[in-house]
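Analysis of the macromolecular model
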Amino acid sequence: MSDVIQKVRPDFYFGVATTRSSFKNPRYGDIVSTFNLQVAENECKFYTIQGSENFNTEQCDESIAYAKEFGAVYRGHNLFWPANSPFWFKQQFDNSDINITKSVILDYVAKVLDHYKNEESILYWDVVNEALTDDSTIENIVIRTGSDSSNEFAKWNTYTEDIFKIAREHTNPNVKLFYNDYDIENSNGDFNNKTGAAYKYIKSLKEKKVPIDGIGLQMHIKCDIYPNYDQLYSLISKYEELGVEVHITEMDISMEKCKSEEEQRKLYLDVFKACFDHSNCKVFTVWGAYDTKSWLGANNFPLLFDDEMYPKDVYFDMLDYVLKKLPSDATYPTPTSTVKPTIDTSDGINYIIRPNTYIIDKSWANWSWAYENVDFDKDGFIYICPIGPFYGALSFHTDNEKNEFNEGAFHFKMKVDRPGQVKVVIHCKNQEFYPIETYDDIEVETVKDYVAKVPLMEDDTCNRISFQDAYGTGMVISVNDLYFTDKIDEEETPIETIATSTEAIATTTTSEKTTKTPSTSTFKQIPDDELNNENNGVNTMSKIPYIFIIVSVFFIYLNNY
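The structure presented is a predicted model; accordingly, all values stated were derived computationally and were not measured. (Residues numbered from 1 in each chain as written. Predicted model: local features only at pLDDT ≥ 70, side-chain atom pairs only at ≥ 80, totals over all residues. Heavy atoms only, no water.)

1. Concerning the overall build of the protein chain
What counts here: The secondary structure listing takes helices from DSSP runs of H or I that are at least 4 residues long and strands from runs of E that are at least 2 residues long, numbered from the N terminus. Any two residues having at least one pair of non-hydrogen atoms within 4.5 Å are treated as being in contact. Values of accessible area rely on a 1.4 Å probe in the Shrake-Rupley scheme; residue burial ignores everything except the protein chains shown.
A tally of helices and strands in the protein chain yields 14 helices and 20 strands. Considering only contacts within the protein chain whose residues lie at least 6 apart along the sequence, 76% involve residues at least 24 apart. Of the roughly 25,700 Å² that the protein chain leaves accessible, carbon and sulfur atoms contribute 48%.

2. Side note on the pattern of salt bridges
Heads up, the rule is: One side-chain nitrogen of Lys or Arg within 4 Å of one carboxyl oxygen of Asp or Glu is enough to make a salt bridge. Each residue gets one of three labels from its accessible area relative to the maximum for its type: buried under 20%, exposed over 50%, partly exposed in between, using a 1.4 Å probe on protein chains only.
Scanning the entire structure with this criterion turns up 26 salt bridges. In this structure, the salt-bridge partner of R144 is D134, at a minimum N-O distance of 3.4 Å. Here R144, found in the loop between β4 (122-129) and α7 (159-169), pairs with D134, found in the loop between β4 and α7; they are ten residues apart in sequence, far enough to count as distant. Residue R144 is classed as buried on the basis of its relative accessible area, which comes to 13%. Here K415 ties to D377 by a salt bridge, and the two come within 3.3 Å at their closest N and O atoms.

3. Focus on helix α4 (residues 58-69)
Here is the rule: A helix is expected to span 1.5 Å for every residue after the first. It is the directions from the helix axis to the C-beta atoms that the arc portrays.
Taking 1.5 Å of rise per residue, the twelve residues of α4 would be expected to cover 16 Å, and the 17 Å separating its terminal C-alpha atoms lies within 8% of that figure. Among the residues of α4, C60, S63, I64, Y66 and A67 are the ones counted as buried. Projected down its long axis, α4 shows its buried positions confined to an angular sector of 155°, all on one face. Buried residues belonging to α4 abut β1 (13-18), α2 (26-32), β2 (37-40), α3 (46-49), β3 (73-80) and β4. Following α4 by one or two positions, G71 adopts a phi angle in the positive range, close to 70°.

4. With respect to the pairing of strand β17 (residues 434-440)
What counts here: The criterion for strand pairing is that DSSP finds at least two bridges linking the strands in question.
Most of β17 sits inside the fold, with six of its seven residues counted as buried. Of the strand pairs in this sheet, strand β16 (residues 421-428) and β17 are connected by six bridges, and their pairing is antiparallel. Counted as the bridge partner of Q421 is D440 from β17. The antiparallel pairing of β16 with β17 creates a hairpin that spans five residues between the two strands.

5. Examining the packing of helix α9 (residues 229-242) against helix α10 (residues 261-277)
What counts is decided by this rule: Each axis is a line fitted through C-alpha atoms, taken for helices only over the stretch in contact, and angles between the N-to-C directions span 0 to 180 degrees. Left-handed describes a crossing whose near helix is turned anticlockwise from the far helix by less than a right angle; the clockwise case is right-handed. Three classes are used: nonpolar for Ala, Val, Leu, Ile, Met, Phe, Trp, Tyr, Cys and Pro, charged for Asp, Glu, Lys and Arg, and polar for all others, with Gly counted as polar.
Close contact between α9 and α10 brings their axes to 9 Å; oriented N to C, the two are set at 30°. Where α9 crosses over α10, the two elements pack in a sense that is right-handed. Across the interface between the two elements, Y229, L232, Y233 and I236 from α9 touch D270, V271, K273, A274, C275 and D277 from α10. Taken together, the residues of the contact of α9 with α10 break down into seven nonpolar, no polar and three charged.

6. Topic: unusual backbone geometry
Following H77, the chain continues to N78 via a peptide bond in cis, the omega torsion being -10°. Located in the positive-phi region is N95, a residue other than glycine, with phi close to 65°. With respect to the secondary-structure elements, N95 resides in the loop between α5 (87-93) and α6 (98-115). Of note in this structure, Y358 is not a glycine but carries a positive phi near 60°. Take Y358: it is sitting in the loop between β10 (350-353) and β11 (364-366).

7. Observations regarding the packing of aromatic side chains
Formally: Two rings from Phe, Tyr or Trp (for Trp, the six-membered ring) form a pair when their centres are within 6.5 Å of each other. A pair whose planes differ by under 30 degrees is stacked, one over 60 is edge-to-face, and the rest are tilted. Here, over-ring charges are defined by two tests on the NZ atom of lysine or the CZ atom of arginine: distance to the ring centre within 6 Å, and angle to the ring normal within 35 degrees.
A full pass over the atoms with the stated rule returns 41 aromatic pairs. The interplanar angle of 70° and the centroid separation of 6.4 Å between the aromatic rings of Y28 and Y290 together place this pair among those described as edge-to-face. Taken together, the residues span a long stretch of sequence, with Y28 in helix α2 and Y290 in the loop between β9 (281-286) and α11 (313-323) at a distance of 262 residues. Grouping residues by exposure puts Y28 and Y290 together as buried. Residues Y116 and W125 carry aromatic rings whose centres are separated by 6.3 Å and whose planes lie at 45° to one another, so their mutual orientation is tilted. Relative accessible area serves as the criterion here: at 7%, Y116 is assigned to the buried category. With a relative accessible area of 2%, W125 lands in the buried category. One residue, R27, lies across the ring of Y310, its end atom 5.0 Å from the ring centre.

8. So, the confidence of the model for the protein chain
As a note on interpretation, predicted positions should not be read in detail where pLDDT is low. The condition that has to hold: The pLDDT score gives, residue by residue, the confidence of the prediction method on a 0 to 100 scale.
Overall, the prediction assigns the protein chain a mean pLDDT of 86, with 84% of residues at 70 or greater. Between residues 492-561, whose pLDDT stays under 50, and residues either more than four places distant or in other chains, the model counts 82 contacts.

9. Some remarks on the sheet that holds strand β19 (residues 462-469)
On the basis of which strands lie adjacent, the open sheet formed by five strands has the order β11-β14-β19-β16-β17 and antiparallel pairing. The sheet terminates laterally at β11 and β17, the two strands that pair on one side only. Direction aside, neighbouring strands of the sheet carry axes that sit 20° apart on average. Sheet topology places β16 next to β19; seven bridges connect them, and they run antiparallel. When the bridges of β19 are listed, C428 appears paired with C462.

10. Observations regarding the nonpolar core
For the record, the criterion: In this description, a nonpolar core means a group of buried Ala, Val, Leu, Ile, Met, Phe, Trp, Tyr and Cys residues linked to one another through side-chain atoms lying within 4.5 Å.
The biggest cluster of nonpolar side chains holds 141 residues, and the ones touching the most others in it are F284, F396, F412 and F467. Every residue in contact with F396, bar those within four places of it in the chain, is listed here: I352, I353, I360, W364, A365, W367, I382, N463, R464, I465, F467 and L482. Within the second largest apolar cluster, seven residues are counted, among which are L37, V73, L123 and Y124.

If you want it as structure tokens, here you go:
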């Protein structure tokens, strides 16, 4: 859409927030290609660049390089966010000498900007992010002094002025410097709350000759708290009078308070129109490429592309609005209607990862644990980059009873990036952790077809499958074409050795096994019981001989002494 937008307004950028873990996914790239401005969701923040005390711009560098692949300009986000400093920084500088704290922050900002000073694709920097407290009003402006649990900036009342000044000294003159915040977009026409506080604050900075060029209205809105067209247009005009450019920087609309998709659709279009129609609003950015990548979660349907990576009606509403404003002699590529393909599910196959879709089936969810990121590569394989040395796993869970399984077989393609062992585990309602296959000596970076047979689990049903890095080596496990079927071909044999005999498993009744209460954690991070468990998913029974030996040696020692 950005190519059509530029025919009408060459100074206007249509932006998207990107996340590094999706850069290998070609369908993600297809979405991103429709935007002509990119901003990193997390890769260029303080807690990423200096998450430890070591300065490292690698992730931010990759994000900028990715934008350049699409010919997009770039927004740096952000240099200073008082509420979200790295953990080490809060520990070290909370209630410390403010002059030292100030020196560290200003040195960091200068170092980042010096690193990117010659990067021509960067047009904007969000210099200070979310400095105003939520209870600020036009009559009572309150500046954040740290996170909810720290006050490392309590004695530095001029941090906004100081950081903008140092930023101007270390950037090129063509780079515009912005203040960015949420709940400042004149929602419901209430100018006296945080909206008025932000306006008054920016006005005071301009009066002090602070080198601020623009204001970023994040625009995380809901169907009960939002600005209409006139309210937003009026606010943009007020900032224009100050000589301050306006950008919509993090647009999304949660469906939580919306009565219908049509209501959300209208709000999106009104915000876009108010920005696009006003010459002082030059950027409209959505905070994520598609619903699954939203910080709000796919179930809130907050973005322009759905969880299957197809454009929603509101995307075409925006496009139609721009097309109506095209000059009569303008030429542009004819937009094509995108129709979701109809998938035949009559074969009874329970797909988790369907080939060439680059998504997890909607009936399933990512429940992986101990990982840095999970996403799809260029060939459509979903992969996990685990956090070693923990026993990370690529894991999928379903809440849909129709997708629960028992007695059958999982079919899948798999590859790994290093030697090791992959344990395939199923999780059932009465048997939380049940290994069904173990694959040793897998040929590295070689795709093979596998079949993992699921025995009959008497008086039980299963709702989750995991592919575990059994030795905790940091192995990248990649899987594609993953599905379950209750039709077992007796001639099929597992490609690799089975860790536990399927026949032995099948003849063991549920009552003979130790059962646990299934965890309700989504495993977005390492579950406490697995992080603190030395075995961490390794078959405890295999350690009994070693325990017996240790106990025996101990008694021998007592007898001798």
